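Here is what each chain is made of, one letter per residue.
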Amino acid sequence: MKRLAAAAWSRLRQRLRYSRFSSIQSIVAWSFSIMIVLTIGIVALLLHEKFSASAERSAFTSSGQIVAQASYNLEDYVRGLSNFYRAIEKNMLAGGQWDGAEVDKQLDTLMVSRDDIVSIALFSEDGALLKNRPAAELRSSANPTGQGWFQAAIRVPNHLGFSLPHIQNLYKGSYKWVVSMSKRVTVIRDGQPQEVILLVDINFKQIDELSSRISLARRGYVYIIDEGAGNIVYHPQQQLMYMGLKRESIERALVADGSYIEELDGERRLVTVQSVGNIGWKIVGVSYMDELMTTREEVNAYLIRVVAVALIIVLLVGFLLARSIIRPLKRVEKMMRSVERGQFDAELPVGGPLEVERLSRRFNLMIHKIRGLMEQIVVEQESKRKHELEALQAQINPHFLYNTLNSVVRMAGMSRGEEVVTMITSLSKLFRISLSKGRTLISVHDELEHAHHYLTIQQMRFGRKFNFSITATEEAGQCLTLKLVLQPLLENSIEHGLEYSVDEGCIAVDARVEDGVLVLRVEDNGVGMTPEKAASLLRGPSLETAEQELSRTGKGSGVALRNIHDRIRLYYGAAYGLEFQSELEEGTTVWVRIPAQQQAEGEQP
Amino acid sequence: MRLLARGSLLWAALAVLLLQGCSERGQPPAEDGIIGRVALIAPQMDGALADSIRLGAEAAAKEFGCELIYIEEVTGQQNAAEKALKEGASVLLLDPDSSGQLEAVVEMAQNNEAAVITLNDVYPVKGVASTVTINNLEAGRLAGSAMAELLRGKGKVALLGSDSRAPGYAERAQGVLEELGRQPGITVDDGYSCGTSPDGCAEAARQLINEVDGIIAVQEQGALSAADESLRRGEGSRIRIVGFGSETPQLELLQDGIIDRLIVQSGFNAGYLGMKQAGMVLRGEKPEVKLTLATKAVTPDSMFWMDNQKLLFPFVK
């Protein structure tokens, strides 16, 4: 398993190395991008932390302020109610007289001043209704003494108590949610002290509105608990709580003051608790953290967008930057490739960044150097060949001379003085033309003369076994040719063509100019050869092996022919040289083609 | 020059990209995270239950981020539904009058790609996304056992039925019969019905009051008529009356002991849960097909207990 993973890793690395990822372009682009994105990322992270912390702090503060404000409002409201209660108490119970139209009028005026007062009632200690405004019939089933507000008033005399919100069920015709203010008061009525309970019912609607109006984000809410008993005074979703659809951790809110974070039913909530004076209630604000922290999410989303855009831009810029660096390098690479293919005359335009400019210069210098070296090699090679050829040329003579002199000796022995003279004269002329004052080029006229003398000598040596003819046009005779191109051909004709022929041999040499090309033709009627052999004469071993072969055999095997061919091509170009045509038992024809070059005026061949 | 132009164009494009990326997204999400509009088509009966449903729906709308609109049902449910759809409601909450009405509303809603959630009653109509209802059978059993307890297991009970086609009433009656059938000392007379008018109810009650020891009325009006008759005869203490509902006149009669037991449901919870289902529909979640709410029997003594007060008397705004 481990080995497999290692193998995969190394494969990946290798692939990366050879893929585009290892190019300078991608290295520059990526490192540039990574650096910038890393910087942006770090800055974003720091900003994010800072933003989040301050958002959280401000959420806590604002939540606390809202709840405190609600608490003050409620406190104010309760204070107002207390004052109202005292006013009623004063108006109604001051003289111990609560009957009569005067009191009714005063109470009605007081009630009109506030729209949240449901009813005012006065009960005796045993629960009998003494008076109420607005006057309404007490329900037969109403049981004042059994009610919480009544019992609370009895328990603590002279203390204004606020009940929990409840349904007022004393009167016929309506059920209203009220908070009851009640107090046991001792009044002097008709000179007698009497215990009475004054009840003022306030519509709960006001407190409900005060509480429900408070907005703590979208889902947040406030509820009110009774500090003494831990009852819920007000909760917007109290029914859900009775049904078990909602929970509230009242215990913690009862002992807490200020803000804390709790987790309830999988949701994090910010709870802010504030006591309400005078009434013994606590107002509890609940906000959901996910709503408070929307700032954090917004900041997150914003930062992600910024980083994404920055990444795109940075990638683009990096790519362009890398490309501008890479382009001249690519140009160098392209140029190198063309040099690889053999185009040494290429030259790189010098430009681009400093390094690339230097590289281009050095490349150009290198190409110059290579070109120089190559030219040098060509020159050297050429001169080497020339020397070799000249050496070969020189090698022709000794054995010919030796054979000829042998013939002369034999003829002298047979006292054929005339023939000896002819032969020696021919030999002398042959050598004169051969030397030609060291010139390479001689006139065709001289070349033909040379051929004539050569053939004469050979004719005499071979006992007139063949005859020959030499023809030339006037124009051809004036042309220049490499010297001694015909002699090896003639030698070949005699040694390979005619020596083994039973018939009388015949060699014809002809010189003419055809379309600006000097054509020298040597034709014999010897044994000939197969066209394959004729075709192979000019191919075959290289110069070195030819030399070896030459020194081994002393003569021929076509080496001399190839030498002539090479010499012509070396001097005049690849378009010129020898051409063979031969047929067995029919004879061989050789054409020598060289450019027709007229002898310069006044120049002596 | 051309190169320069091309370069500056590129930089301009980059700058635009940067600005666009960093600027606020064009379309802010719906204000305050509202996910959709829900229409509550006010139930046909006005009163405490309707108020409770409305309050519950309001509470849930706030909690689940829906916008709640009320459509008064002045000229029939169909027209109200049409109006609601015209106002852009994606979910309709309603207490259907009849199976036919519901079918028409469902079809209309589906044509407008809206969903229908019914409250209080289960009609066998296809295409209703969710139903929030009380278990009427269980409520009937509760009424039966309350009556048995009141009569101490002995006596004659009349079941005042309903002619309404709403399936809920029939289930209540069935529950009552099932429960009382298990009481050997109690005989049940279920041959009476309110008909379709209060007069019919009063008529039946007048007839029954002398013949039986207890009356169970499956309709609100039945209990009221029986109680009226009982009051009229001055025999409130003798005849036992068990009813369904929490309308104010019923509650007054309960407090006075004329009606002995009321089987009540929480309208607040129905509204809340209906709205919660609507919220699920709007968020693309699958709502529960049927939600069943518990019912409760309240007595004159227990009706002012703190939890029952909230159940019976909605905060009226």
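Note that the structure is a prediction, hence the values are computed from the model and not measured.

Engineer: Report on the overall build of chain B, specifying residues and quantitative values.
Structural biologist: Across its full length, chain B carries eleven helices and twelve strands. Burial status across chain B gives 52% buried among its 317 residues. By sequence separation, contacts in chain B at least 24 residues apart represent 71% of the contacts at least 6 residues apart. Total accessible area computed for chain B in this model is approximately 14,600 Å², and 51% of it derives from carbon and sulfur atoms.

Engineer: Describe the sheet that holds strand β6 (residues 155-161) of chain B, naming the residues involved and giving the relevant values.
Structural biologist: Residue and element names in this part refer to chain B. Spatially, the six strands line up as an open sheet ordered β7-β6-β8-β9-β10-β12, and their pairing is mixed. For this open sheet the edge positions go to β7 (186-193) and β12 (295-298), each flanked by a neighbour on one side alone. Across this sheet, the average inter-strand angle for adjacent strands is 20°, counted without regard to direction. This element, helix α9 (residues 248-255), spans β9 (240-244), β10 (261-265) and β12 of the sheet and lies at about 140° to β10.

Engineer: I'd like a rundown of the packing of aromatic side chains, residues and numbers included.
Structural biologist: Residue and element names in this part refer to chain A. Scanning the model with the defined rule gives nine aromatic pairs over all chains in all. Ring plane angle 45° and centroid distance 5.5 Å describe the contact between F123 and W149, whose orientation is recorded as tilted. Of this pair, F123 sits in strand β1 (residues 117-124) while W149 sits in helix α4 (residues 148-155), and the two are 26 residues apart along the sequence. In terms of burial, F123 and W149 fall into one category: buried.

Engineer: Explain the environment of L538 of chain A to me, and be specific about the residues and the numbers.
Structural biologist: Residue and element names in this part refer to chain A. Tracing the backbone shows L538 in the loop between α15 (531-536) and α16 (543-553). Residues L538 and F580, spaced 42 residues apart in sequence, show a C-alpha to C-alpha distance of 9.0 Å. Ignoring anything within four residues of it in the chain, the contact list for L538 reads L561, R562, H565, L578 and F580.

Engineer: Go over the packing of helix α7 (residues 198-208) of chain B against helix α8 (residues 220-233) of chain B, please, and point to the residues and values.
Structural biologist: All names here are of chain B. Put simply, α7 and α8 touch, their axes get as near as 8 Å, and they point 50° apart. Between α7 and α8, the angle falls in the class oblique. Crossing of α7 over α8 shows right-handed handedness. Two secondary-structure elements touch here, α7 through P198, C201, A202, A205 and R206 and α8 through Q221, G222, S225, A226, E229, R232 and R233.

Engineer: A description of the nonpolar core should follow, citing residues and the corresponding values.
Structural biologist: Grouped together as the largest cluster of nonpolar side chains are 145 residues, with contacts concentrated most on M92 of chain A together with L92 and I216 of chain B. No other element matches the eleven residues that helix α2 (residues 24-93) of chain A contributes to this core. Aside from chain neighbours lying at most four places away, what touches M92 of chain A is Q97, W98, V103, L107, I120, L122, K131 and L198 of chain A. In terms of nonpolar packing, the next biggest core, distinct from the first, is built from 44 residues, F466, A476, L518 and L578 of chain A among them.

Rules of the game
- Residues numbered from 1 in each chain as written.
- Chains lettered and ligands numbered in written order.
- Predicted model: local features only at pLDDT ≥ 70, side-chain atom pairs only at ≥ 80, totals over all residues.
- Heavy atoms only, no water.
- Helix = DSSP H or I, 4+ residues; strand = E, 2+ residues; numbered from the N terminus.
- Buried < 20%, exposed > 50% of the residue type's maximum accessible area, 1.4 Å probe, protein only.
- Contact = heavy atoms within 4.5 Å.
- Areas by Shrake-Rupley, 256 points an atom, 1.4 Å probe, with all protein chains shown as cover.
- Pairing = 2+ DSSP bridges.
- Axes fitted to C-alpha atoms, helices over the stretch in contact; angles between N-to-C directions.
- Phe/Tyr/Trp six-rings, centres within 6.5 Å; stacked < 30°, edge-to-face > 60°.
- Parallel < 35°, antiparallel > 145°, perpendicular 65-115°, else oblique.
- Left-handed = near helix turned anticlockwise from the far one by under 90°.
- Core = buried A, V, L, I, M, F, W, Y, C linked by side-chain atoms within 4.5 Å.

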